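# Examination of the molecular architecture
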Amino acid sequence: MRNFLLGLFSGVTLLILLLLAGVIALGMKAISGARPETPNQMVLRLSWSDVLVGHQVSPLDAGLHGTLTLTSLIETLDRAAEDSRVQAVVIDGSAPMPREFLWELQPAMNRLREAGKPIEAYLEMADDPQLALAVMADKITMSPASSAGLVFQGLAAASYYMRPLLDRYGVKMHVLHQGEAKGFGEHYVRDTMSDAVRANLGLLVEDLWSLQLNWIADHREGVDVRALRSFVEDPAHVIMLPADAEQLHLVDELRSRADWQRSMERRFNDAEWVSVENYLAQQSRKSATVVGQHVAVLWAEGGIVGGESAANSVSISSRSLIEDLEDLRDDEEVRAIVLRVESPGGSALASEEIYCKLEEIRSEKPLLVSMGRVAASGGYYISAPGQQIWASPATITGSIGVVSVIPDFAKAADKLGVQPDGVYSTPLATMTRLGNPVPPELLASLDHYMAGTYVEFRDRVTRYRPLDDEQLLPIAGGRVWSGSRAQELGLVDSLGTLEDVIQRAAWQAELGDAQVVHYPKVESLMDLFLSGEIKPKDLLPHAQSGYMNALADPELEKLLADLQAGRTRRDPAEMVQTRCPWTVE
């Protein structure tokens with residue numbers, strides 16, 4: 001009761017604060033007008049603090065004037081290219097973004113350059129992701145200070161292996177894999193990385209590291225990628241000094257910030273410097289209503305879960321995404337659909353439900369897939385029905401496999417002198433009490449059940465990829481690949497940006513220069529309140545047990561139902577429903 005009252009109080013307090021914030025924000029908007037004043041001449045400054053996301057932000061994070069995302073950033077840069085007030089663009093300071101987004105951003109940067117807008121960059125103490133963004137500038141200036149320089153962090157795929165620690169406290173983790181290189185959870189049951197996971201991740205890290213170094217070399221005249229790699233991988237060069245960066249042609253000149261700033265002011269007639277976020281807020285947003293036929297880009301971002309989307313997070317919920325897909329299918333103005341996938345995976349059952357809906361829609365409208373930073377496991381599962389699958393060279397994809405992790409605290413409870421006891425009706429009921437051992441029969445049955453899920457996953461892939469199961473097995477098994485290698489292996493059709501995929505979809509739909517609309521619409525919590533899409537009760541916490549939630553997975557519930565009904569064990573291949581109910585042959 002105490003926890004319930006505390007939860008109720010916190011929920012009501014949150015609601016009151018949100019309503020007050022909304023009233024204040026609306027009042028400020030009414031006082032200040034639709035948007036702030038804009039200067040007559042501007043230098044647009046690219047800098048932000050939070051890591052750039054693709055398109056979706058949670059309603060709690062959505063701002064009154066829009067939130068900076070990859071889609072809004074590209075739209076803003078395109079407006080700047082056409083805005084006569086914008087004299088130049090400056091990359092100055094931190095602007096964190098996923099590696100893959102560089103490929104997406106480059107066409108917009110090129111359009112700025114073609115519009116006659118110079119692009120300058122200034123670096124002080126920068127890391128390799130900052131440099132990777134800066135190399136898209138026409139000129140890079142660096143501080144000559146001895147405390148400035150470049151730090152090449154490089155890439156890593158590593159984890160802390162905890163088996164000795166868990167053994168010490170009597171905690172046992174049951175990690176069941178279908179796929180020898182499906183490494184999730186192995187750090188609970190091993191004290192070192194397995195050979196299969198090490199070999200696969202070693203290849204992935206090498207691919208991505210080579211891509212990053214080649215990206216820098218390709219954008220900087222005079223940079224020799226072998227010399228660069230030799231330098232930054234030498235332990236003696238933890239920090240590259242400004243003089244070294246200039247000698248390796250990574251920067252064009254060394255100049256103090258004050259001197260550089262004065263030269264920029266003289267060059268651009270004392271134009272006011274405006275951050276890209278403020279510039280975004282100053283622009284009148286494009287109307288959400290689209291007149292005419294268009295290509296719909298549907299963003300699928302986050303972990304894959306069943307049910308509907310939550311108001312406080314970004315995830316791929318099967319029910320919400322399926323409703324969005326049905327709306328786009330039924331909209332006569334939508335001539336083609338591009339599914340943009342940014343997901344490491346999640347629920348196999350939710351992935352299957354989404355897969356079946358996509359299989360239905362691909363028979364009615366052009367359906368292309370654009371993979372972003374990561375489209376792995378369930379993220380690849382829902383990509384498989386695409387008539388074409390595109391990725392960037394740096395997309396992390398694959399991970400065709402299945403894994404389950406179940407904790408066992410029986411020995412830990414014994415060490416603490418705690419002994420659960422009671423009367424239980426099912427194997428699952430015993431597991432709801434921490435301290436009871438996990439029945440070995442349940443583990444064996446779950447492993448068998450997962451084998452059927454793994455066979456079904458491979459079936460879904462081979463149905464639309466130019467691979468049979470014999471060809472797929474060596475590249476499945478939970479292995480992850482860079483987009484470049486995935487194309488070589490047949491998991492991906494083409495390499496390109498989201499813009500490339502949109503153009504291809506428009507061509508397939510015979511649209512020519514089609515309009516593009518991104519879905520779902522990004523709305524703030526206040527927008528959702530006013531529209532009635534969410535109610536105050538939706539923000540109240542629910543009485544949930546994290547341990548029970550982990551056990552109440554739909555796949556596990558189905559397995560236990562089979563056990564309780566005394567159903568006999570079947571061959572995994574016989575467990576696969578080879579066609580979705582509505583598949584058109």
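Residues numbered from 1 in each chain as written. Predicted model: local features only at pLDDT ≥ 70, side-chain atom pairs only at ≥ 80, totals over all residues. Heavy atoms only, no water.

## Some details on the overall build of the chain
This is how the line gets drawn: Strands here mean DSSP runs of E at least two residues long; helices mean DSSP runs of H or I at least four residues long; both are numbered from the N terminus. Classification of residues uses two cut-offs on accessible area relative to the type maximum, computed with a 1.4 Å probe and protein chains only: under 20% is buried, over 50% is exposed, and between them is partly exposed. Note on definitions: a residue-residue contact is assigned when non-hydrogen atoms from the two residues lie within 4.5 Å. All accessibility values rest on the Shrake-Rupley procedure with a 1.4 Å probe; residue burial counts only the protein chains present in the view.
When helices and strands are counted, the chain shows 23 helices and 20 strands. A total of 585 residues make up the chain; the buried ones form 49% of that total. Long-range pairs, those at least 24 residues apart, make up 77% of the contacts in the chain between residues at least 6 apart in sequence. Accessible area of the chain: about 28,400 Å², with a carbon and sulfur share of 52%.

## Details of helix α13 (residues 348-361)
As a reminder of what qualifies: Multiplying 1.5 Å by the helix residue count minus one yields the expected span of that helix. We call two N or O atoms a polar contact when they sit within 3.5 Å, provided that within protein one can donate a hydrogen and the other can accept it, with sequence-adjacent residues counted only if both atoms are side-chain atoms.
The terminal C-alpha atoms of α13 lie 20 Å apart, and with 14 residues this matches the ideal 20 Å at 1.5 Å per residue to within 8%. In terms of burial, α13 is largely enclosed, as 11 of its 14 residues are buried. Listed in full, the buried residues belonging to α13 are A350, S351, E352, I354, Y355, C356, K357, L358, E359, E360 and I361. Two to three positions downstream of the cap, the backbone nitrogen of L349 sits 3.3 Å from a side-chain oxygen, assigning the N-cap of α13 to S347.

## Thoughts on the sheet that holds strand β2 (residues 86-92)
Quick reminder of the rule: Being paired, for any two strands, means DSSP has found at least two bridges between them.
Strand order in this open sheet of 6 strands is β8-β5-β3-β2-β1-β9, and the pairing throughout is parallel. Strands at the two margins of the open sheet, each flanked by one partner only, are β8 (253-254) and β9 (272-275).

## So, the pairing of strand β5 (residues 139-142)
The pairing of strand β3 (residues 119-123) with β5 spans 4 bridges and is classified as parallel. Note on β5: the bridge partner recorded for Y122 is T141. Pairing of β5 with β8 involves 2 bridges; the strand directions are parallel. Bridge pairing links M142 to L254 in β8.

## Section: the nonpolar core
The test is simple: Residues grouped as a nonpolar core are buried Ala, Val, Leu, Ile, Met, Phe, Trp, Tyr and Cys residues, joined through side-chain atoms within 4.5 Å.
Ranked by size, the top nonpolar core spans 78 residues in total, and within it L150, F152 and L250 carry the most contacts. Broken down by element, the residue count for this core peaks at 10 residues, all from helix α7 (residues 195-219). In this structure, F152 is in contact with D128, L131, W209, L213, I216, L228, V232, V238, M240 and L250, ignoring residues within four places of it in sequence. By size, the runner-up hydrophobic cluster in this structure holds 51 residues, among which are L321, L325, L328 and A375.

## A few points about unusual backbone geometry
Note: most residues except glycine have negative phi, and most peptide bonds are trans. Going from Y519 to P520, the amide bond is cis rather than trans, its omega being -5°. By the secondary structure assignment, P520 is in the loop between β20 (515-519) and α21 (525-531). Of note in this structure, S377 is not a glycine but carries a positive phi near 55°. Relative to the assigned elements, S377 resides in the loop between β14 (367-376) and α14 (378-381). Overall, the relative accessible area of 12% leaves S377 in the buried class.

## What about the packing of aromatic side chains?
Counted only if it meets this: Stacked, edge-to-face and tilted are the three classes for Phe, Tyr and Trp ring pairs, Trp counted by its six-membered ring, which pair at centre distances within 6.5 Å; planes under 30 degrees apart are stacked, over 60 edge-to-face, the rest tilted. By definition here, charges over rings are those cases where NZ of Lys or CZ of Arg is within 6 Å of the ring centre and within 35 degrees of the ring normal.
Under the definition given, this model contains 5 aromatic pairs. The interplanar angle of 55° and the centroid separation of 5.0 Å between the aromatic rings of W103 and W215 together place this pair among those described as tilted. Of the two residues, W103 is situated in helix α3 (residues 101-114) and W215 in helix α7; the sequence distance between them amounts to 112 residues. Every member of this aromatic cluster is reached through a ring pair, and the members are Y122, W260 and W273. The ring of Y454 carries the charged tip of R458 above its face, separated from the ring centre by 4.5 Å.

## Concerning the pairing of strand β17 (residues 402-408)
Among the 7 residues of β17, 5 are classified as buried, and the element is accordingly described as predominantly covered. Of the pairings in the sheet, the one linking strand β7 (residues 172-178) to β17 comprises 7 bridges and is antiparallel in character. By the bridge assignment for β17, Q178 is matched with V402.

## Examining the pattern of salt bridges
The cut-off we apply is this: Should a side-chain nitrogen of Lys or Arg be within 4 Å of a carboxyl oxygen of Asp or Glu, the pair is scored as a salt bridge.
Across all of its chains, the model carries 33 salt bridges by this definition. For E206, the salt bridge goes to R229, with nearest N and O atoms at 2.7 Å. Pair noted here: E206 is in helix α7 and R229 is in helix α8 (residues 225-232), with a separation of 23 residues, a long-range link. The partly exposed category is assigned to E206, whose relative accessible area is 34%. Of the charged contacts in the structure, one is a salt bridge between D459 and R463, with a shortest N-O distance of 3.0 Å. With a gap of 4 residues between them, D459 and R463 both fall in helix α17 (residues 440-464), about one helical turn apart. Overall, the relative accessible area of 18% leaves R463 in the buried class.

## Points about a nonpolar patch on the surface
As a reminder of what qualifies: Distance thresholds for patches are 9 Å for like charges and 5 Å for nonpolar side chains (Val, Leu, Ile, Met, Phe, Trp, Tyr), applied to residues having over 30% relative accessible area and no salt bridge.
A cluster of nonpolar side chains, M125, V238, I239 and L241, forms an exposed patch at the surface whose accessible area comes to about 360 Å². Tracing the chain through its elements places V238 in the loop between α8 and α9 (242-247).

## A closer look at the packing of helix α12 (residues 318-330) against α13
In a packed pair of helices, the relevant descriptors are the angle between the two axes and the axis-to-axis distance. As a reminder of what qualifies: Here, axes are lines fitted to C-alpha atoms. For helices the fit covers the stretch in contact, and angles between N-to-C directions go from 0 to 180 degrees. Our angle categories are set so that under 35 degrees counts as roughly parallel, over 145 as roughly antiparallel, 65 to 115 as roughly perpendicular, and the remainder as oblique. Under the grouping applied here, Gly and all other residues not named as nonpolar or charged are polar, the nonpolar ones being Ala, Val, Leu, Ile, Met, Phe, Trp, Tyr, Cys and Pro and the charged ones Asp, Glu, Lys and Arg.
Contact pair α12 / α13: the axes reach a minimum separation of 9 Å and the direction vectors enclose 5°. Considering their axes alone, α12 and α13 lie roughly parallel with respect to each other. Only A350, E353, I354, K357, L358, E360 and I361 of α13 make contact with α12, whose side of the interface consists of S318, L321, I322, L325, E326 and R329. Residue composition of the contact of α12 with α13, by class: 7 nonpolar, 1 polar and 5 charged.

## Topic: the environment of M193
Tracing the backbone shows M193 in the loop between α6 (186-189) and α7. Take M193: its relative accessible area is 13%, and that puts it in the buried class. For the pair formed by M193 and G183, sequence separation is 10 residues and the distance between their alpha carbons is 8.5 Å. With residues near it in sequence (within four places) discarded, M193 still touches A157, Y161, E186, R198 and L201.

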